[in-house]
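# Breakdown of the fold
Each chain, written out:
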Amino acid sequence: MLTELHETHARIDRPAGPRDHEAPHAAQAIPREARWRQIVRSSQAALDDITISRWDDAREASWHAATTPPDRYLVGIALKTTRVILTRERRVIFDGTMPSGTLYVSAPSKQLSAQFRAPCAFLHVHISAEHFPTRWAQGAAEGLDDLVLLRDPLAAGLAKALAEQGDAAGHRFAHCIGQILVMHLARPELPRAKVNALPKWRLRRVEQHVAAHFERSISLSELANVAGLSRMHFAAQFRAATGYRPREYLLNHRIEHAKSLLTTTQRPLAEIALAVGFSTQAHFSTVFKRISSQTPARWRAAARNERPEPESPPRRRSSPCTDWAVNGPYANAL
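Now for a description of the structure that goes with this document. (Residues numbered from 1 in each chain as written. Predicted model: local features only at pLDDT ≥ 70, side-chain atom pairs only at ≥ 80, totals over all residues. Heavy atoms only, no water.)

### Description of the overall build of the protein
Of regular secondary structure, the protein possesses 14 helices and nine strands. Summarising the internal contacts of the protein: among those between residues at least 6 apart in sequence, 72% fall at separations of at least 24. Accessible surface, the protein: about 17500 Å² in total, of which carbon and sulfur atoms supply 54%. (Helix = DSSP H or I, 4+ residues; strand = E, 2+ residues; numbered from the N terminus. Contact = heavy atoms within 4.5 Å. Areas by Shrake-Rupley, 256 points an atom, 1.4 Å probe, with all protein chains shown as cover.)

Printed below as a string of structure tokens:
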């Protein structure tokens, strides 16, 4: 398999789009990468101890490889959910869904290969090794380097703030965000405990079950039974393997399917909400906006380059019973 990937490298490892060919503007705080994790360094960027760049690739499949410079750590933060196989020294270290907000770290002089199976977008923070404790440079860095799927709310929030600023972000603003991230990662109490990930064959069974039944209610017990584990062990191992709690994974799957319906059909929002497993349009819109940062109507309009129409009110209001089911004491059971 690795041989096949290397043979296709020349064919698919190319810049993601025309913008990637453009040289970064002198005042651009977050330059676009011409190649994955590779910055076209200006004289200013070469002097920065913290440099931030962005990689976007709209292709459904791509393969890339890069080695972290000997004097730098690289922190990658996913800006959208993607599917990827990460390989180091012929060893697969991750194979699955990488949710938006996921943080991974590459230590100095580490080579990493990535085979993406979906479009992707990342912020890459290139950090001088001098920022981190000396004990990391004496062999302990390997522990940090293995944090491939660290779900860190603060890092995700910082990346979102930078992504929303886009080309308008100034160097001082971007560098400040980078410094906050560095101080956060350098904390000695940063959790590094590892939980055994759900084995691939169990994960595949769960993913296939969700794909086949996402339009109806699925309990945590049901998914644990599919995986052949207890509820407690399944929930912990599933999150270690995917970065999601089971309920988060189910909601994200529903929203991704809803996006497909929004772009390929003219079905009304209330009908789409029911089709993907939500009991009310209001709940569907709330979850959609939380995950996608836009309402379903605005997302549909943007995807079609249309002016958004006023959203119609939901067909039926949620009842106290529905509110209790969604927000009550068992709401986070799955």
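### Observations concerning the sheet that holds strand β3 (residues 72-78)
With antiparallel pairing, five strands are arranged side by side in an open sheet as β1-β8-β3-β6-β9. The sheet terminates laterally at β1 (50-57) and β9 (150-151), the two strands that pair on one side only. As paired strands, β1 and strand β8 (residues 120-128) are joined by eight bridges and run antiparallel to one another. Among the inter-strand pairings, I52 is bridged to a residue of β8, identified as V125. Most of the contacts of helix α6 (residues 171-185) go to β1, to which it runs at about 100°, and overall it touches β1, β3, β6 (102-106) and β8. (Pairing = 2+ DSSP bridges. Axes fitted to C-alpha atoms, helices over the stretch in contact; angles between N-to-C directions.)

### Re the pattern of salt bridges
Scanning the entire structure with this criterion turns up nine salt bridges. For D56, the salt bridge is made with R54, and the minimal N-O distance between the two is 2.7 Å. A relative accessible area of 18% places R54 in the buried class. Of the charged contacts in the structure, one is a salt bridge between R59 and D57, with a shortest N-O distance of 2.6 Å. There is no split in this pair, since R59 and D57 are both buried. By sharing partners, the salt bridges in this structure join R32, R54 and D56 into a single network. (Salt bridge = Lys/Arg side-chain N within 4 Å of Asp/Glu carboxyl O. Buried < 20%, exposed > 50% of the residue type's maximum accessible area, 1.4 Å probe, protein only.)

### A few points about the sheet that holds strand β5 (residues 91-98)
Across a sheet, strands are paired by hydrogen bonds formed along the backbone, either parallel or antiparallel in direction. The strand order across the open sheet built from four strands is β2-β7-β4-β5, with neighbouring strands paired in antiparallel fashion. Each edge of the sheet is formed by a strand with only one pairing partner; in this case those strands are β2 (62-67) and β5. The mean inter-strand angle of the sheet, taken between neighbouring strand axes irrespective of direction, is 20°. In this sheet, strand β7 (residues 111-116) lies alongside β2 in antiparallel orientation, the contact comprising six bridges.

### Details of helix α13 (residues 296-303)
Residues P296, A297, W299, R300 and A301 constitute the buried set of α13. Structurally, α13 contributes buried residues whose contacts are with α10 (246-264), α11 (269-275) and α12 (281-292). Just downstream of α13, N305 is the residue with a positive phi angle, here 55°.

### Here we look at the packing of helix α8 (residues 220-227) against helix α9 (residues 231-242)
In contact at an axis separation of 9 Å, α8 and α9 are set at 80° when each is read in the N-to-C sense. As far as their axial angle goes, α9 and α8 are roughly perpendicular. The segment α8 lies against α9, with L220, S221, L223, A224 and A227 engaging R231, F234 and A235. Residues belonging to the contact of α8 with α9 are distributed by class as follows: six nonpolar, one polar and one charged. (Parallel < 35°, antiparallel > 145°, perpendicular 65-115°, else oblique. Nonpolar A, V, L, I, M, F, W, Y, C, P; charged D, E, K, R; others polar.)

Purely spatial values, then, with no claim about function.
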